[in-house]
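# Inside the fold
Listed below are the residues making up each chain.
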Amino acid sequence: MAEGQALVLGGGGVAGIAWMTGVLAGLAEAGQDVTAADLLVGTSAGAAVAAQVGSGLPVDALFARQVEPALQAREISVELDMEKLAAEFAGLLAGPAATESAQDAQRRVGAYALAARTVPEADRRAAVSSRLPSPEWPSRRMLLVAADAAAGRGGPAAFGRF
């Protein structure tokens, strides 16, 4: 990969992690290993994959962690009422759109997300940690993207090793 290139990885949950890892493995198998990019950028599931790539494990080892049950990460099962979620989310988006800014709508959606019942933080941290080959921050240049849900900021913030 040429100097000055970035590998940018998006969201997608657990399926996104598996899909992106599979795509990276397929590209490497076809002679296009893009994991040598100078900069890794990721958000959500892409942040997990960026951290995995940045750990230094070869792509085939990362792929094995997706397909071999003994190597798979600890994940959290979720029971979700999709109809209820869709109705609640539609209500959030149907708010007073004519009189509010996009940031107000984002703030409303962020408040909804922050108030959602979810697993304890320790369980979430354990699941995320199990996806990573190492607890150390990768030595490679990497940016992980996040949003401030409470403030409803439209623009993301990046943190990492520049």
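Everything that follows concerns the structure shown earlier in this document.
Report follows, based on the coordinates. (Residues numbered from 1 in each chain as written. Predicted model: local features only at pLDDT ≥ 70, side-chain atom pairs only at ≥ 80, totals over all residues. Heavy atoms only, no water.)

What follows deals with the overall build of the protein. The helix and strand inventory of the protein stands at six helices and four strands. The order of α-helices and β-strands along the protein, N terminus first, is β-α-β-α-α-α-α-α-β-β. Looking at the protein as a whole, 25% of its 162 residues are labelled buried. Partitioning the intrachain contacts of the protein with sequence separation of at least 6 by distance along the chain shows that 70% fall at a separation of at least 24. Total accessible area on the protein stands at roughly 10,200 Å², and carbon and sulfur atoms take up 58% of it. (Helix = DSSP H or I, 4+ residues; strand = E, 2+ residues; numbered from the N terminus. Buried < 20%, exposed > 50% of the residue type's maximum accessible area, 1.4 Å probe, protein only. Contact = heavy atoms within 4.5 Å. Areas by Shrake-Rupley, 256 points an atom, 1.4 Å probe, with all protein chains shown as cover.)

Let us look at the side chain of Gln 52. As for its position among the elements, Gln 52 is in helix α2 (residues 45-54). A polar contact is formed between the side chain of Gln 52 and the backbone oxygen of Arg 131, at a distance of 2.7 Å. Every residue in contact with Gln 52, bar those within four places of it in the chain, is listed here: Ile 17, Thr 21, Leu 57, Leu 62, Arg 131, Leu 132 and Pro 133. (Polar contact = N/O pair within 3.5 Å; in protein donor to acceptor, adjacent residues only side chain to side chain.)

Before going further, it helps to spend a moment on the pattern of salt bridges. Applying the stated criterion across every chain, the model contains three salt bridges. With a shortest N-O distance of 2.7 Å, Glu 75 and Arg 131 are connected by a salt bridge. Placement of the pair is Glu 75 in the loop between α3 (59-67) and α4 (82-93) and Arg 131 in helix α6 (residues 121-131), with a sequence separation of 56 residues. Ionic pairing is found between Glu 88 and Lys 84, a salt bridge with its closest N-O pair at 3.9 Å. Of this pair, Glu 88 and Lys 84 both sit in helix α4, separated by four residues, roughly a single helical turn. The exposure class of Glu 88 is partly exposed, given its relative accessible area of 32%. (Salt bridge = Lys/Arg side-chain N within 4 Å of Asp/Glu carboxyl O.)

Bringing the pairing of strand β2 (residues 39-43) into the picture now. Among the five residues that make up β2, four are buried, leaving the element largely enclosed by the rest of the structure. The sheet contact formed by strand β1 (residues 6-9) and β2 spans four bridges and is parallel. Note that in β2 the partner of Leu 9 across the bridge is Gly 42. Bridge count for β2 against strand β3 (residues 141-146) is five bridges, and the pairing is parallel. The partner of Val 41 across the bridge, within β3, is Leu 143. (Pairing = 2+ DSSP bridges.)

For the rest of this paragraph, the subject is helix α1 (residues 13-29). For α1, with 17 residues, the first-to-last C-alpha span of 24 Å sits near the 24 Å given by 1.5 Å per residue. On its buried face, α1 is in contact with β1, α2, α3 and α6. Downstream of α1 by one or two residues, Gly 31 has phi in the positive range, about 90°. (Expected span 1.5 Å × (residues − 1).)

Our focus in this paragraph is the environment of Gly 11. When you line up the elements, Gly 11 lands in the loop between β1 and α1. Judged by relative accessible area, which is 46%, Gly 11 ranks as partly exposed. Residues Gly 11 and Ala 48, 37 residues apart in the sequence, show an inter-C-alpha distance of 9.4 Å. Setting aside residues no more than four positions away along its own chain, Gly 11 makes contact with Met 20, Thr 43, Ser 44, Ala 45 and Gly 46.

Below, the discussion takes up a nonpolar patch on the surface. There is a patch of nonpolar side chains on the surface, built from Trp 19, Val 23 and Leu 27 and spanning about 290 Å² of accessible area. Inspection of the secondary structure assignment puts Trp 19 in helix α1. (Patch = residues over 30% accessible without salt bridge, like charges linked within 9 Å, V, L, I, M, F, W, Y side chains within 5 Å.)

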